[in-house]
Amino acid sequence: MSDTSTPQAVTVLGAGTMGAGIAQACAAAGHAVTLVDADEAALERGRAAIASSLARLVRKGTLDEAGAERVQAAVRTSHDRSAAVAAADVVIEAVTEDLDVKRALWGEIGAHAAPGALLATNTSSLSVTEISGFGGHAERTCGLHFFNPVPVLPLVEVVRGERTSDATTRRAVDFATGLGKTPIVCRDTPGFIVNRLLIPYVNDAVHALAEGVAEAADIDAAMTLGANLPLGPLALADLIGLDVTLAAIESLHRETGDGRFRPAPLLRRMVRAGKLGRKTGEGFHRYA
Ligand SMILES: NC(=O)c1ccc[n+]([C@@H]2O[C@H](COP(=O)([O-])OP(=O)(O)OC[C@H]3O[C@@H](n4cnc5c(N)ncnc54)[C@H](O)[C@@H]3O)[C@@H](O)[C@H]2O)c1
């Protein structure tokens, strides 16, 4: 088992929103990171995202220039998936949330991973147990569910698949701790902890809006002023993305069959209309 402070070879598969953030956090903790993506442009965007995140930290005074350069230099990019997987002590999969894409990739991970490597998926809504079966090393596979933006948010949900071993769970907890994160272990259940509680709340706010309880701005203001939350639920949906919110509540509904998780029809209508929140300039609120 690795010491939390020992630098390790970490391969992050997928250089999107999450992969780039995870790569940055691992590099900042002193690990040697290889960031891989199937798409050349995505790899470039991932590098650029890390550079701009580091620049922001320098501007805020949380990191100096030399530190930023060290982190950037600790992330190398590669297209050679099998070589990058084979060379890793820790593999973190953060590719597109699509079971078929993950199935194919985990077949490759299983075939090439070094004996003893820790294998993790960052999935938000798919079953860690199911994914762990695709690679054939279920006992050393777990979920490491980071939150966006990864360099900022302290939580990592360490998700135990049904066949994840105790040693793997401990190692994942140690690894997350070594990144300066706060790991919380949970079972492989739909939504894990945060999304299981947060997404139905947001969905319920959309039901309330559709029922005419109050205007969107007033629902949000009520929850910030009365419940002391930093953001109202509809503004939060706009931030997460209405498409992502809908996919998450659909997944909870599908997995549990529980009517409590029935997607709000208004949410579905807005997604169909392309009103996805901040990223399209309009959701429950308008953005310049
Ligand atoms: N976005 C979030 O807020 C968030 C939060 C927590 C977890 N997640 C999870 O993280 C994962 C990634 O989400 P994201 O938002 O970063 O997605 P994204 O669309 O920004 O990035 C996914 C990347 O994976 C790449 N990819 C697809 N197939 C690949 C393959 N076979 N090999 C290598 N690269 C491949 C794509 O080119 C893309 O660059 C998903 O499982 C998602 O559920 C997302």
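Residues numbered from 1 in each chain as written. Predicted model: local features only at pLDDT ≥ 70, side-chain atom pairs only at ≥ 80, totals over all residues. Heavy atoms only, no water.

### Side note on unusual backbone geometry
The condition that has to hold: Numbering of helices and strands starts at the N terminus; helices are DSSP runs of H or I of at least 4 residues and strands are runs of E of at least 2.
Residue P149 is reached from N148 by a cis peptide bond, and omega for that bond is 0°. Secondary-structure assignment places P149 in the loop between strand 6 (141–146) and strand 7 (155–160). For F192, which is not a glycine, the phi torsion comes out positive at approximately 50°. Its identity is not glycine, yet N228 carries a phi of approximately 60°, on the positive side. The topology assignment puts N228 in the loop between helix 9 (216–226) and helix 10 (233–240).

### A short note on the packing of helix 8 (residues 194–210) against helix 10
Put simply, the rule reads: Axis geometry follows a simple rule: fit a line to the C-alpha atoms, using only the stretch in contact for helices, then measure angles between N-to-C directions, giving values from 0 to 180 degrees. Should the near helix be turned counterclockwise from the far one by less than a right angle, the crossing is left-handed, whereas a clockwise turn marks it as right-handed. We call two residues contacting when some pair of their heavy atoms lies within 4.5 Å. Three classes are used: nonpolar for Ala, Val, Leu, Ile, Met, Phe, Trp, Tyr, Cys and Pro, charged for Asp, Glu, Lys and Arg, and polar for all others, with Gly counted as polar.
For the pair helix 8 and helix 10, the least separation of the axes is 9 Å and the interaxial angle reads 115°. Our pair here, helix 8 against helix 10, has a crossing hand that is left-handed. When helix 8 is examined against helix 10, the residues L198, I199, Y201, V202, A205, V206 and L209 are found in contact with a partner set consisting of P233, L234, L236, A237 and I240. For the contact of helix 8 with helix 10, the class distribution of residues is twelve nonpolar, no polar and no charged.

### Thoughts on the site of the ligand
Test applied: Nearness is judged by heavy atoms alone; a residue qualifies as near a molecule or strand once a single heavy atom is within 4 Å of it. Pairs of N or O atoms are called polar contacts if they sit within 3.5 Å, as long as, within protein, a hydrogen donor faces a hydrogen acceptor (for residues adjacent in sequence, only side-chain-to-side-chain pairs). Using a 1.4 Å probe, the Shrake-Rupley method yields the accessible areas, and only the shown protein chains count as cover for residues.
In the vicinity of the ligand, 21 residues are found, and the nearest of them are M18, D37, E97, K102 and S124. Separating an oxygen atom of the ligand from a side-chain N or O atom of K102 is a distance of 2.7 Å. The separation between an oxygen atom of the ligand and a polar side-chain atom of N122 is 2.9 Å. Surface burial for the ligand is 76%, taken as the share of its 840 Å² of free accessible area covered by protein chains. Every element with two or more residues in the shell around the ligand is listed here: helix 1 (17–28), helix 5 (99–112) and strand 6. Split by residue class, the shell around the ligand holds seven nonpolar, nine polar and five charged.

### Here's the deal with the sheet that holds strand 3 (residues 75–78)
Where we set the bar: Note: two strands are recorded as paired if DSSP finds a minimum of 2 bridges between them.
On the basis of which strands lie adjacent, the open sheet formed by eight strands has the order 3-2-1-4-5-6-7-8 and mixed pairing. Of all the strands in the sheet, the pair left with one neighbour each is strand 3 and strand 8 (182–187). Adjacent strand axes in the sheet meet at a mean angle of 25°, parallel and antiparallel pairs treated alike. Here four bridges tie strand 2 (residues 32–36) to strand 3, and the two strands are oriented parallel to one another. Along strand 3, the bridge assignment pairs T34 with R76. Against the sheet, helix 1 touches strand 1 (9–13), strand 2, strand 3, strand 4 (90–93) and strand 6, its axis set at about 170° to strand 2. The strands touched by helix 6 (residues 128–135) are strand 5 (118–121), strand 6 and strand 7; relative to strand 6, the strand with the most contacts, the crossing angle is about 130°.

### So, the domain arrangement of the protein
Note on interface size: it is often stated as the accessible area lost on association of the parts. Rules: Just so you know, the domain bounds were taken from an automatic or database domain assignment.
The domain architecture assigned to the protein consists of domain 1 (9–187) and domain 2 (196–277). For domain 1 and domain 2, the distance between their C-alpha centroids amounts to 28 Å.

### Quick notes on the nonpolar core
So the rule is basically this: Within this scheme, the nonpolar core is defined by two criteria: the residues are buried Ala, Val, Leu, Ile, Met, Phe, Trp, Tyr or Cys, and they are joined through side-chain atoms within 4.5 Å. Three labels apply to residues, based on accessible area from a 1.4 Å probe with only protein chains included: buried if under 20% of the type maximum, exposed if over 50%, partly exposed otherwise in between.
Of all hydrophobic cores here, the largest spans 33 residues; its most connected members are I22, C26, L35, I92, L144, F146 and F175. Tallying contributions element by element places helix 1 first for this core, with seven residues. In contact with F175, other than residues within four places in its own chain, are Q8, V10, C26, H31, V90, I92, L118 and L144. I219, L236, L242 and F284 belong to the second largest nonpolar core, which has 22 residues in total.

### Some thoughts on a nonpolar patch on the surface
For the record, the criterion: Exposure above 30% relative accessible area and no salt bridge define the residues that can form patches, which grow by joining like charges within 9 Å and nonpolar side chains of Val, Leu, Ile, Met, Phe, Trp and Tyr within 5 Å. Salt bridge, as used here: a side-chain nitrogen of Lys or Arg that lies within 4 Å of a carboxyl oxygen of Asp or Glu.
A cluster of nonpolar side chains, contributed by I184, I193 and L197, occupies part of the molecular surface with about 260 Å² of accessible area. Structurally, L197 can be placed in helix 8. Residue L197 is classed as exposed on the basis of its relative accessible area of 58%.

### Comments concerning helix 9
In an α-helix there are 3.6 residues to a turn, and that puts residues three or four apart on one side. What counts, and what does not: By definition, the arc is the one covered by directions from the helix axis to the C-beta atoms.
For helix 9, every residue scored as buried is listed here: A216, I219 and D220. End-on view of helix 9: buried residues confined to an arc of 95°, all on one side of the axis. In helix 9, those exposed residues whose orientation departs by more than 90 degrees from the buried face are L225 and G226. Here the buried face of helix 9 lies against helix 8 and helix 10. The positive-phi residue at the C-terminal boundary of helix 9 is N228, with phi of around 60°.

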